[in-house]
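Examination of the molecular architecture
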Number of protein chains: 2
Amino acid sequence: MARESLGGQLDLLLLSALRAEPAHGYAVIEEVRRRSEQAFDLPESSVYPALHRLEQAGMLDSEWAEVSGRRRRVYRLTSKGRSALGKRRGEWLRLRRGIGAALGEAN
Amino acid sequence: MARESLGGQLDLLLLSALRAEPAHGYAVIEEVRRRSEQAFDLPESSVYPALHRLEQAGMLDSEWAEVSGRRRRVYRLTSKGRSALGKRRGEWLRLRRGIGAALGEAN
DNA sequence: CTTGATACCTCGGAAGCCGAGGTATAGGAT
DNA sequence: ATCCTATACCTCGGCTTCCGAGGTATCAAG
């Protein structure tokens, strides 16, 4: 059931949501929902593993925070993550252009 | 190694390449390459199974043809395929819009 | 007779996504 | 007191997608 509504752009969305400031997972989900104008309501079971993966890959780092009795893991974009974001963005734009051309649109 | 350069839009590209007229697999690959302005050079090992899958799903049908000693399987878009193309296209546009919004572009 | 283009195919596995299910706290309603 | 909803984290299991590697065969050119 791979990649469905998202077209493999999950990492791009997550990195992009963390671009301006650090946030915890749940907040990232809301941020993406807000920014995408309700287009994407990411399931937690996609997001949490993805955040772990991105941290593993050195694009994010995290620390625990305690806010009114609830624990949160707050993620921050690393410099590696920032450059990965640029790269992913470029790939997205190329994809966009390629598909546009293939569909015969005026891009 | 799922979905990489293509962002899960393989079906869209294939259906779209067959939109105007029937073609055989190898020709579809060239057509996509041409239309996408060299952006996509689809590997045969992606395309042939995908064509089988689309036929299985009733979006394409095919027949064998013999052209100067070489056998070709020529695929044609079915009416179901045509409506699937429209649907995929719509999904692509929504994705495009959603990502654009999330990235904070002027679409 | 070898090379390159054309033309088809399958196998196996990596990677990606997410439904289902689980844990826990806080706050408001019943 | 109890329940519900929102917040907040997590894993497991499995379907799907894509594609490198490898295989078969014909034809034309060198």
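What comes next is a walk through the structure. (Residues numbered from 1 in each chain as written. Chains lettered and ligands numbered in written order. Predicted model: local features only at pLDDT ≥ 70, side-chain atom pairs only at ≥ 80, totals over all residues. Heavy atoms only, no water.)

Residue and element names in this part refer to chain A. Restricting attention to buried positions, one finds in helix H2 (residues 25-35) the residues Gly25, Val28, Ile29 and Val32. Summarising the axial view, the buried residues of H2 lie within an arc of 100°, below the 170-degree limit, and thus occupy one face. Buried residues along H2 sit against helix H1 (10-17), strand S1 (23-24), helix H3 (44-56) and strand S3 (70-77). (Buried < 20%, exposed > 50% of the residue type's maximum accessible area, 1.4 Å probe, protein only. Helix = DSSP H or I, 4+ residues; strand = E, 2+ residues; numbered from the N terminus. Arc of directions from axis to C-beta. Contact = heavy atoms within 4.5 Å.)

On to the packing of helix H4 (residues 79-103) of chain A against helix H4 (residues 79-102) of chain B, then. Close contact between H4 of chain A and H4 of chain B brings their axes to 12 Å; oriented N to C, the two are set at 150°. In this view, H4 of chain A runs roughly antiparallel relative to H4 of chain B, as classed from their interaxial angle. In this structure, the crossing between H4 of chain A and H4 of chain B has a hand that is left-handed. Counted together, Trp92, Leu95, Arg96, Ile99 and Leu103 of chain A of H4 of chain A and Arg89, Trp92, Leu95, Arg96 and Ile99 of chain B of H4 of chain B form the full contact between these two elements. Here the contact of H4 of chain A with H4 of chain B is composed, by residue class, of seven nonpolar, no polar and three charged. (Axes fitted to C-alpha atoms, helices over the stretch in contact; angles between N-to-C directions. Parallel < 35°, antiparallel > 145°, perpendicular 65-115°, else oblique. Left-handed = near helix turned anticlockwise from the far one by under 90°. Nonpolar A, V, L, I, M, F, W, Y, C, P; charged D, E, K, R; others polar.)

This part takes up the side chain of Gln9 of chain A. Tracing the backbone through its elements, the reader meets Gln9 of chain A in the segment before H1. Setting aside anything within four residues of it in sequence, one finds Gln9 of chain A in contact with Trp92 and Leu95 of chain A together with Gly7 and Ile99 of chain B.

Here the focus is the side chain of Asp11 of chain B. Residue and element names in this part refer to chain B. Of note, Asp11 is situated in helix H1 (residues 10-17). Residue Asp11 is classed as buried on the basis of its relative accessible area, which comes to 7%. Among the polar contacts listed, one links the side chain of Asp11 to the side chain of Arg53, at a separation of 3.0 Å. (Polar contact = N/O pair within 3.5 Å; in protein donor to acceptor, adjacent residues only side chain to side chain.)

This part takes up the interface of chain B and chain A. Every contact between the two is made by 25 residues of chain B and, on the other side, 26 residues of chain A. Of the roughly 2,300 Å² buried at the junction of chain B and chain A (both faces included), carbon and sulfur atoms supply 65%. On the chain B side of the contact with chain A, Trp92, Arg96 and Leu103 of chain B bury the most area, a combined 25% of that side's loss. For the interface between chain B and chain A, the tally reads zero salt bridges. Of all the secondary-structure elements, those providing two or more residues to the side of chain B that touches chain A are H1 and H4 of chain B. The element contributing the most residues to the side of chain B that touches chain A is H4 of chain B, with nine residues. Residues belonging to the side of chain B that touches chain A are distributed by class as follows: twelve nonpolar, seven polar and six charged. (Buried area = accessible area lost by both parts, 1.4 Å probe. Salt bridge = Lys/Arg side-chain N within 4 Å of Asp/Glu carboxyl O.)

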